[in-house]
Amino acid sequence: MIYLTQLPFPSTYDPDPTSAVYYRAYSQVWQEQFGSTIIPESGLWELPGWLAYAGGYLKANRLPYRIRFWEPGQDAPGKPGNSIWLSPLAQNLDLALSLAEQWAHQGRGILLGGPMASSVPAQFTTVKALPLALPDYTQLSHLRPPLFRIFGQHGCPLTCSFCLDARTARLPVESYVIQQQYEDACALFPSVQWLYIGDKTLGSNRQALENLSSVLSLQQTHKVIAQTRIEFVTPAFCDVLTRMNVKVLELGFEAGGTRLKSQYHKEHVSLTIWQERLAMLWHHGICPILNICAGFPHETLIDHESTMQDMRELALFTWIWNMYNFVPYPGTALYMQLAQDSRLDSPVQWSAWREDGPAVFQPYHATKEELFSRYLDKIALAYALITGENR
């Protein structure tokens, strides 16, 4: 028996206070616009997708498995002779490694996979990639998330040096797989009100967009969230989104000015084009969310001020903002540069690698404290922009 085991995240139990205030206001704006929010006060806001995909792989290979959500104080899943499969992110890798060592001594086999597999000590067996299989959600049907993630294509064809998904484009997901995922969402998760299209750059692959549209254009029961780049926003693209009942579109703005975007291989688009295309989304009844990533290693004070000014310039065209503080995930080009330049914290404390915490590296043009203070400044500005008040 294999136990797919989900571990808790430190940021869930101990969020940054300023970030928490912002996301309470964010949730309220969402509630006012749509009558409900995607951020519940407790519980999961979406299913841990890796459980369904790993489960689907095991099921396809006729390997028995069970899903467990582990909490501090609980015993190891299963019994001696069973195997435990973990898929931690950076912030709970320390916990995963500690439990893995403890549970291995108790006679469990240990598998460690996911985006942090390359950072797992050699004593453990790692799962770095699996053939895509039809996900199996049946053992998750007791959960009541407000949101269900669905894919037209996995990965991203772009080359942004800060993103773990860069250069990972795969073939489009077949229409029948999308149809099965949608049917699972309807049958197993009646609480779901929103579908989230997980494609990082919706519209970059025409076949993937057509496959999604062939399924989602037939339904009006669920509201849909999608994500893409501003370059793909055209009248024809907006028409497709409207047919799929897309109500919210996330767009990666990340940082203001041109310097950081050029350095990190992200194409710069003028604010005039941003304003025109965001207005186009509003015209089609779609609320635009802009992603802002603070805390980049090469950020200067000028870069920070440019981002703040650009946020103000785009405020009239932006519904709300997704706010992140940069984490250098192993496997990204930017992580490798930080490692080569000996700027990563040593020894590594993975529990500090979270998107609402201070830098886990030495910035090039600021102190850690200055960089985190700028993140808090951006959060405070986002709060003021969506509430119309200063905190």
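Attention in this report is confined to the structure presented alongside it. The structure presented is a predicted model; accordingly, all values stated were derived computationally and were not measured. (Residues numbered from 1 in each chain as written. Predicted model: local features only at pLDDT ≥ 70, side-chain atom pairs only at ≥ 80, totals over all residues. Heavy atoms only, no water.)

1. Digging into the packing of helix H5 (residues 175-188) against helix H6 (residues 206-216)
Contact geometry of H5 with H6 gives a least axis separation of 9 Å together with a crossing angle of 40°. When the axis of H5 is compared with that of H6, the two are oblique. Between H5 and H6 lies a crossing of right-handed hand. In this structure, H5 uses Ser175, Ile178, Gln179 and Tyr182 to contact H6, whose residues at the interface are Asn211, Leu212, Ser214, Val215 and Leu216. Among the residues forming the contact of H5 with H6, the class breakdown is five nonpolar, four polar and no charged. (Axes fitted to C-alpha atoms, helices over the stretch in contact; angles between N-to-C directions. Helix = DSSP H or I, 4+ residues; strand = E, 2+ residues; numbered from the N terminus. Parallel < 35°, antiparallel > 145°, perpendicular 65-115°, else oblique. Left-handed = near helix turned anticlockwise from the far one by under 90°. Contact = heavy atoms within 4.5 Å. Nonpolar A, V, L, I, M, F, W, Y, C, P; charged D, E, K, R; others polar.)

2. Describing the layout of surface pockets
By volume, the second largest pocket is sized at about 290 Å³. Taken together, 15 residues line the second largest pocket, and the ones lying closest to its centre are Leu132, Pro172, Val173, Glu174 and Val177. Of all the secondary-structure elements, those providing two or more residues to the lining of the second largest pocket are H5 and H6. Per-element accounting of the lining of the second largest pocket gives the leading share, three residues, to H5. Taken together, the residues that form the lining of the second largest pocket break down as 10 nonpolar, four polar and one charged. (1 Å grid on protein atoms, 1.4 Å probe; cavity = no way out; pocket = protein on both sides within 12 Å on 5 of 7 lines; lining within 4 Å. Points joined across faces, edges and corners; volume = space filled by probe spheres on them.)

3. Describing empty space enclosed by the protein
One pass over the structure, following the stated rule, counts three cavities of 30 Å³ or more. Here the largest cavity defines a volume of roughly 70 Å³. Arg229, Ile230, Glu231, Gly252, Lys261, Lys266, Glu267, His268, Val269 and Trp274 are the residues that line the largest cavity. The residue makeup of the lining of the largest cavity, split by class, is three nonpolar, two polar and five charged.

4. Section: the pattern of salt bridges
Summed over the entire model, instances satisfying the criterion amount to seven salt bridges. Across the pair Glu299 and Lys378 runs a salt bridge, and its minimum N-O distance is 3.1 Å. Remark: Lys378 occurs in helix H12 (residues 368-387) and Glu299 occurs in the loop between strand E10 (287-294) and helix H10 (301-314); sequence separation between them is 79 residues. Each of the two residues, Glu299 as well as Lys378, counts as buried. Between Lys368 and Asp345 there is a salt bridge, and its shortest N-O distance comes to 2.7 Å. Of this pair, Lys368 sits in helix H12 while Asp345 sits in the loop between helix H11 (333-340) and H12, and the two are 23 residues apart along the sequence. By relative accessible area, Lys368 is classed as partly exposed at 24%. On the basis of relative accessibility, which here comes to 26%, the residue Asp345 falls in the partly exposed class. Because the salt bridges share partners, they merge into one network encompassing Arg229, Glu231 and Glu267. (Salt bridge = Lys/Arg side-chain N within 4 Å of Asp/Glu carboxyl O. Buried < 20%, exposed > 50% of the residue type's maximum accessible area, 1.4 Å probe, protein only.)

5. Structural notes on the nonpolar core
Judged by nonpolar contacts, the single largest core of 83 residues is most densely connected at Leu4, Trp30, Met244 and Trp321. Residue contributions to this core peak at seven residues, all from H12. Setting aside anything within four residues of it in sequence, one finds Met244 in contact with Ile197, Leu202, Leu209, Leu212, Ser213, Leu216, Ser217, Gln219 and Val224. Formed by 38 residues, the second largest nonpolar core is a distinct cluster that contains Leu93, Met116, Leu338 and Trp350. (Core = buried A, V, L, I, M, F, W, Y, C linked by side-chain atoms within 4.5 Å.)

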